[in-house]
Amino acid sequence: MKKRMLSICMAAMMVLGMAACGTSQEQPEQSENEGQQTTGELNYDKIVVGLDDTFAPLGFRDEDGNLAGVDVELMEATGEIMGIPFELQPIDWSMKETELANNNIDMIWNGYTITDERKEKVAFSQPYLNNRQVVVTLADSDINTLADLADKSVAAQAESSAIDAIHSKPEIADTFARLGEFETNDQCLMDLEAGRTDAVVADEVIIRYYVSKKGEEKYKILEEDFGKEEYGIGVRKEDTALLDALNTALDTLKENGTTKEISEKWFGSDIIME
């Protein structure tokens, strides 16, 4: 009888041990960020938005050092619609997709051009603003067409859609004497004013605003451009609930006239896409 009871106890212990092993395999340890945001479920205490704070008039520092601009006001209005506070985080624009992938930010929003290459890395919202990549020179420059850029020094912001647009026209880009890449558009334009650069390629919304502030008589914007594009907002591909809520909020802002009001304040007309 004692041998029989001992066998039963040993068998029971083996079953419990196997069950315990099975439980540890089926429930792996969670990572620090796991479970904060899941597909189909919106669960944020705040949404961190990465932007370039030198990108006037979309996102920049005003005279008091505060963030201002078209996109900044759209962000604030969107956060109110979604009921989640938006925290605006200036970033190195050349590292924007890396910042998003590393969970340092939750959105890329600030004149972020929709491209096929970027679609491989992020999920885009609906487009909300049209743009062109234009060429600006000093008023007395002999550059009047894209062909005139041959043997000239041209500047653009590093890792920007302007660089992509330039390289999309190798028949023009390959004729440059030099293509200088700067951290910000402001640096490009300062190099132009200093006479070290002959022309700058940048977003039309930026150039028009810059020229209006500095004096239109000082600059010339070429009629030919490096292509048209659309702005969107980038999120991680797995954050489908965030993307859906973002698009719904943008629709609401268009319907209630908020986007029209913001656009007319900064551009003098309603140019935000319906």
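As a reminder, the structure under discussion sits directly above these lines.
From a predicted model like this one, the values you see are computed outputs, not experimental measurements. Residue positions are counted from 1 within each chain, in the order its sequence is given. Confidence filtering applies because this is a predicted model: local features only for residues at pLDDT of at least 70, side-chain atom pairs given and counted only at 80 or more, and all residues used for totals across whole chains, interfaces and linings. Side-chain measures here rest on the full set of heavy atoms in the structure, leaving out hydrogens and waters.

The next point concerns a negative patch on the surface. For patch building, the residue pool is restricted to those with more than 30% relative accessible area and no salt bridge; the joining distance is 9 Å between like charges and 5 Å between nonpolar side chains (Val, Leu, Ile, Met, Phe, Trp, Tyr). Computed with a 1.4 Å probe, the accessible areas rest on the Shrake-Rupley method; for each residue, only the protein chains presented here act as cover. In what follows, salt bridge is the name for a side-chain nitrogen of Lys or Arg lying within 4 Å of a carboxyl oxygen of Asp or Glu. Under this rule, positive means Lys or Arg and negative means Asp or Glu; His and the chain ends count for nothing. Where a charge sits is defined by one atom per residue type, namely NZ (Lys), CZ (Arg), CG (Asp) or CD (Glu). Side chains of Asp116, Glu117, Glu120, Glu159, Asp164 and Glu181 sit close together on the surface and give a patch of like negative charge. Mapped onto the elements, Asp164 comes out in helix 5 (residues 161-167). Relative accessible area serves as the criterion here: at 32%, Asp164 is assigned to the partly exposed category. Strands are runs of DSSP state E lasting at least two residues, helices are runs of H or I lasting at least four, and both sets are numbered from the N terminus onward. Each residue is assigned to one of three classes by its accessible area relative to the maximum for its type, calculated with a 1.4 Å probe on protein chains only: buried under 20%, partly exposed between the two thresholds, exposed over 50%.

Right, let's get into the packing of helix 7 (residues 185-193) against helix 8 (residues 204-214). Think of each axis as a best-fit line through the C-alpha atoms, taken over the contacting stretch in the case of a helix, with angles from 0 to 180 degrees between the N-to-C directions. The interhelical angle for the contact between helix 7 and helix 8, taken along N-to-C directions, is 50°, at an axis separation of 12 Å. In terms of axis orientation, helix 7 runs oblique to helix 8. Pair helix 7 / helix 8 crosses with right-handed handedness. Note on element contacts: helix 8 touches helix 7 through Ile206, Ile207, Tyr210 and Lys214, opposite Asn185, Asp186, Leu189 and Glu193. In what follows, roughly perpendicular refers to angles from 65 to 115 degrees, roughly parallel to angles under 35, roughly antiparallel to angles over 145, and oblique to any angle outside these ranges. The sense of a crossing depends on the near helix, which, turned anticlockwise from the far helix by less than a right angle, makes the crossing left-handed and, turned clockwise, makes it right-handed. By the convention used here, residues are in contact when the closest approach between their heavy atoms is within 4.5 Å.

For the rest of this paragraph, the subject is the pattern of salt bridges. According to the stated counting rule, one finds twelve salt bridges in the structure shown. Asp53 serves as the salt-bridge partner of Arg61, at 3.3 Å between the closest nitrogen and oxygen. Note on Asp53: relative accessible area 22%, which makes it partly exposed. Residue Glu73 is joined to Lys265 by a salt bridge in which the shortest nitrogen-to-oxygen separation is 2.6 Å. Residue Glu73 is found in helix 2 (residues 70-82), and its partner Lys265 is found in helix 10 (residues 258-267); the two are separated by 192 residues along the sequence.

All right, on to the sheet that holds strand 2 (residues 54-55) then. Strands were regarded as paired on the criterion that DSSP finds at least two bridges between them. With antiparallel pairing, three strands are arranged side by side in an open sheet as 2-3-4. The open sheet has two free edges, formed respectively by strand 2 and strand 4 (67-68), since each of these has just one partner strand. Pairing between strand 3 (residues 59-61) and strand 4: two bridges, direction antiparallel. Bridged to Arg61 within strand 4 is Leu67.

Right, let's get into unusual backbone geometry. Residue Pro57 is reached from Ala56 by a cis peptide bond, and omega for that bond is 10°. Position of Pro57 among the secondary structure elements: in the loop between strand 2 and strand 3. Of note, the phi angle at Asp151 is positive, near 65°, even though the residue is not glycine. The phi dihedral of Glu159 is positive, around 60°, even though this residue is not glycine. Note on placement: Glu159 falls in the loop between strand 9 (153-157) and helix 5. Note on Glu159: relative accessible area 48%, which makes it partly exposed.

What follows concerns the packing of aromatic side chains. Each pair of aromatic rings is reported with the distance of its centres and the angle of its planes. Two rings from Phe, Tyr or Trp (for Trp, the six-membered ring) form a pair when their centres are within 6.5 Å of each other. A pair whose planes differ by under 30 degrees is stacked, one over 60 is edge-to-face, and the rest are tilted. Applying the stated criterion across every chain yields a total of seven aromatic pairs. Ring centres 5.9 Å apart and planes at 90° place the aromatic pair Phe60 and Trp266 in the edge-to-face group. With a gap of 206 residues between them, Phe60 in strand 3 and Trp266 in helix 10 connect regions that are remote in the sequence. The exposure class of Phe60 is buried, given its relative accessible area of 13%. Following the ring pairs from residue to residue traces out a cluster consisting of Phe60, Tyr209 and Trp266.

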